[in-house]
Amino acid sequence: HFESLDELMKAKYEDLEKINEIGPRIAQSVVTFFQQKQNLEVIEKLRKAGVNFRSEVRKVEEKEEFKGKVFVLTGKLSSFTRDEATEIIERLGGRVTSSVSRSTDYVLVGEDPGSKLDAARRYGIRTINEEEFKKMIGMKK
């Protein structure tokens, strides 16, 4: 990924499209955005106002059972917000998507799950509850 806004601003369509979950439309939109004079003027005003555009590099502590795995969250989690669960999964080497597909490895199921649980069952995807997730991440009860 890009370490700074300046790198992103200079990115080519091909570089953007290589990023996971960025397709041709988004890649073209980003390139077009940074070609428009009014957008560049706004960015410059924000810089002058002191906005920090640097990317914070997160330390990844990959765990084998997360490395390259795709997770989907469904239902209300009691111990984590969705953002917290997503951050944990990504920090450990996995990634979170919004919909269940055949490429999904785990569906983390909270209270009152929706149609994502049905889809997981239909595809035969492993479902885990919060307690199982806590064990996977090495969290004590």
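Quick caveat: nothing in here was measured; it's all calculated off a predicted structure.

A. Geometry of the overall build of the protein chain. Secondary structure assignment for the protein chain yields seven helices and four strands. For 141 residues, the compact-globule estimate of 2.2 N^0.38 gives 14 Å, and the C-alpha radius of gyration of the protein chain, at 19 Å, exceeds that figure by more than 25%. With respect to the three principal axes, the spread of C-alpha positions in the protein chain is 50 × 30 × 30 Å. Evaluated residue by residue, the protein chain yields a buried proportion of 30% over its 141 residues. Summed over its atoms, the accessible surface of the protein chain is roughly 9800 Å², and 48% of this surface lies on carbon and sulfur atoms. Charge-centre separation for the protein chain: the mean point of 27 positive side chains lies 1 Å from the mean point of 25 negative side chains.

B. Structural detail: the pairing of strand β1 (residues 70–74). Across the five residues that make up β1, a large majority, five, are buried. The side-chain alternation of β1 yields two buried faces, one formed by V70, V72 and T74 and the other by F71 and L73. In this fold, β1 hands off to helix α5 (residues 82–91), which returns the chain to strand β2 (residues 95–96); that crossover is right-handed. Note: β1 against strand β3 (residues 106–109), four bridges, orientation parallel. From the neighbouring strand, L73 faces β3, where its bridge partner is L108.

C. Spotlight on unusual backbone geometry. In this structure, D112 is a non-glycine residue whose phi angle is positive, near 50°. Tracing the sequence through the fold places D112 in the loop between β3 and α6 (115–123).

D. Up close: helix α4 (residues 37–48). Between its first and last C-alpha, α4 extends 17 Å over 12 residues, near the 16 Å set by a 1.5 Å rise per residue. Downstream of α4 by a residue or two, G50 has a phi angle that is positive, lying close to 100°.

E. How the structure looks around α5. Considered for burial, the residues of α5 that qualify are A85, T86, I88 and I89. Take α5 and look down its axis: the buried residues cluster within an arc of 160°, on one side only. Contacts made by the buried residues of α5 are with β1, β2 and α7 (130–136). Of the residues one or two after α5, G93 is the one with positive phi, at around 105°.

F. How the structure looks around the pattern of salt bridges. Going through the model one piece at a time under the given rule, you end up with three salt bridges. As a salt-bridge pair, E41 and K37 come within 3.9 Å of each other at their nearest N and O atoms. Note that E41 and K37 are positioned in helix α4 at a spacing of four residues, about one turn of the helix.

G. Representation of the side chain of T104. Its place among the elements puts T104 in the loop between β2 and β3. A polar side-chain atom of T104 sits 3.0 Å from the main-chain amide nitrogen of S101. Those residues within four positions of T104 in sequence are excluded, and the remaining contacts are V70, V72, S99 and I125.

Cut-offs and rules
- Residues numbered from 1 in each chain as written.
- Predicted model: local features only at pLDDT ≥ 70, side-chain atom pairs only at ≥ 80, totals over all residues.
- Heavy atoms only, no water.
- Helix = DSSP H or I, 4+ residues; strand = E, 2+ residues; numbered from the N terminus.
- Rg over C-alpha atoms; globule rule 2.2 N^0.38 Å.
- Buried < 20%, exposed > 50% of the residue type's maximum accessible area, 1.4 Å probe, protein only.
- Areas by Shrake-Rupley, 256 points an atom, 1.4 Å probe, with all protein chains shown as cover.
- Lys, Arg positive; Asp, Glu negative; His and termini not counted.
- Charge placed at Lys NZ, Arg CZ, Asp CG, Glu CD.
- Right-handed = clockwise from strand over helix to strand, strands pointing away.
- Pairing = 2+ DSSP bridges.
- Expected span 1.5 Å × (residues − 1).
- Arc of directions from axis to C-beta.
- Contact = heavy atoms within 4.5 Å.
- Salt bridge = Lys/Arg side-chain N within 4 Å of Asp/Glu carboxyl O.
- Polar contact = N/O pair within 3.5 Å; in protein donor to acceptor, adjacent residues only side chain to side chain.

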